[in-house]
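Below, each chain spelled out in residue letters.
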Amino acid sequence: MRVLLVEDDRMIGEAVEAALKDTAYAVDWVRDGQMAIEALASHRYDIVLLDLGLPRKDGLEVLRSIRGRDDAVPVLIVTARDALEDRIAGLDAGADDYVLKPFEMAELLARMRAVARRKGGTAGPLLGNGVLSLDMATKVVTSNGQSFALSAREFALLEALLIRPGAILSRSELEDRIYGWGMEVESNVVEFMIHSLRKKLGSDAIRNVRGVGWLVPKNS
Ligand code: CA
């Protein structure tokens, strides 16, 4: 998953960024509302973690701008504002869920998975296409009754493909799911990860559409 973290508090931002990277999410961190709007205009994210009290543009303004352009990106508000009217305003403005500071990192991660799953159209903790089944909490994939542990990058890539079985993702879209800003993209990393996933899951698990990208079959 590629995550936009919008947080002006350096300590919280660093802690969340580190935890997300540990979880194999690609993270872009911006520190004010205006930069958040610019990032969202130029990149596709799987989820936004949005603080409300922000310099330059308030988190609620950011949220209204996102929904005003019909962008359905999942938004999880992460804020110390616990007044009921703030929570209601956030949800009314189109937030998908709410986490109050201070929070436990494990809860934040669990809520992120839940919001991402709901947007992906799956209700359970598993992503799958009828052949493969990926547990988003444990990062274990099951295929034909066999379970395989995945590396962080293998997980990031397979998760991106399994969120929408049948959809073709290009090399740069897959790289976006593995790397955040400022990280050097190693050449052939996508091919390398696909190769190692196929070795575990079988060569039919991920299909290549020549010159376009890769997909997991919808229902094979
Ligand atoms: Ca703040």
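Each value, and the rule that gives it
- Residues numbered from 1 in each chain as written.
- Predicted model: local features only at pLDDT ≥ 70, side-chain atom pairs only at ≥ 80, totals over all residues.
- Heavy atoms only, no water.
- Buried < 20%, exposed > 50% of the residue type's maximum accessible area, 1.4 Å probe, protein only.
- Helix = DSSP H or I, 4+ residues; strand = E, 2+ residues; numbered from the N terminus.
- Pairing = 2+ DSSP bridges.
- Polar contact = N/O pair within 3.5 Å; in protein donor to acceptor, adjacent residues only side chain to side chain.
- Contact = heavy atoms within 4.5 Å.
- Domains from an automatic or database assignment.
- Buried area = accessible area lost by both parts, 1.4 Å probe.
- Salt bridge = Lys/Arg side-chain N within 4 Å of Asp/Glu carboxyl O.
- Nonpolar A, V, L, I, M, F, W, Y, C, P; charged D, E, K, R; others polar.
- Axes fitted to C-alpha atoms, helices over the stretch in contact; angles between N-to-C directions.
- Phe/Tyr/Trp six-rings, centres within 6.5 Å; stacked < 30°, edge-to-face > 60°.
- Lys NZ or Arg CZ within 6 Å of the ring centre and 35° of its normal.
- Right-handed = clockwise from strand over helix to strand, strands pointing away.

### Describing the pairing of strand E3 (residues 47–50)
Now for step 1: Neither face of E3 is open: one carries Ile47 and Leu49, the other Val48 and Leu50, and all of them are buried.
Now for step 2: Here strand E1 (residues 2–6) runs beside E3; their pairing, made up of four bridges, is parallel. Within E3, the position partnered with Val3 by the bridge is Ile47.
Now for step 3: Sheet analysis places E3 next to strand E4 (residues 75–79), joined by three bridges and oriented parallel. When the sheet's bridge partners are listed, Val48 is paired in E4 with Val75.

### Remarks on the side chain of Asp97
Now for step 1: Its place among the elements puts Asp97 in strand E5 (residues 97–100).
Now for step 2: Here the side chain of Asp97 touches Arg111 through a polar contact of 2.8 Å, side chain to side chain.
Now for step 3: With near-sequence residues (within four places) excluded, Asp97 lies in contact with Val75, Leu76, Ile77, Leu91, Arg111 and Val115.

### Some thoughts on the domain arrangement of the protein
Think of interface size as the accessible area that goes away when the parts come together; that is how it is often given.
Now for step 1: On domain assignment, one finds that the protein holds domain 1 (2–119) and domain 2 (126–215).
Now for step 2: A C-alpha centroid distance of 25 Å is found between domain 1 and domain 2.
Now for step 3: Interface area, domain 1 with domain 2, both sides summed: about 1,400 Å², of which 55% is carbon and sulfur.
Now for step 4: Looking only at domain 1, the three residues that lose the most surface to domain 2 are Arg2, Ala24 and Arg44, adding up to 35% of its buried area.
Now for step 5: Here domain 1 and domain 2 share two salt bridges between them.
Now for step 6: For Asp46, the salt bridge goes to Arg177, with nearest N and O atoms at 2.7 Å.
Now for step 7: No other element matches strand E2 (residues 26–30), which puts five residues into the side of domain 1 that touches domain 2.
Now for step 8: Taken together, the residues of the side of domain 1 that touches domain 2 sort by class into eight nonpolar, two polar and six charged.

### Section: the sheet that holds strand E6 (residues 126–128)
Now for step 1: Pairing is antiparallel in the open sheet, where four strands are placed in the order E6-E7-E8-E9. The outermost strands of the open sheet, each flanked by one partner alone, are E6 and strand E9 (146–149). With direction set aside, neighbouring strand axes in the sheet form an average angle of 25 degrees.
Now for step 2: Note that E6 and strand E7 (residues 132–135) share three bridges and pair antiparallel.

### Considerations on the packing of aromatic side chains
The description of an aromatic ring pair uses the distance of the two centres, along with the angle that the planes make with each other.
Now for step 1: Taken as a whole and assessed by the stated rule, the structure comprises zero aromatic pairs.
Now for step 2: Cation over ring: Lys139 sits above Phe155, and NZ or CZ is 5.3 Å from the ring centre.

### Details of the pairing of E5
For a regular strand, side chains alternate in direction, first toward one face of the sheet and then toward the other.
Now for step 1: Sheet analysis places E4 next to E5, joined by four bridges and oriented parallel. Its bridge partner lying in E5, Leu76 is registered against Asp97.
Now for step 2: In this fold, E4 hands off to helix H4 (residues 84–92), which returns the chain to E5; that crossover is right-handed.

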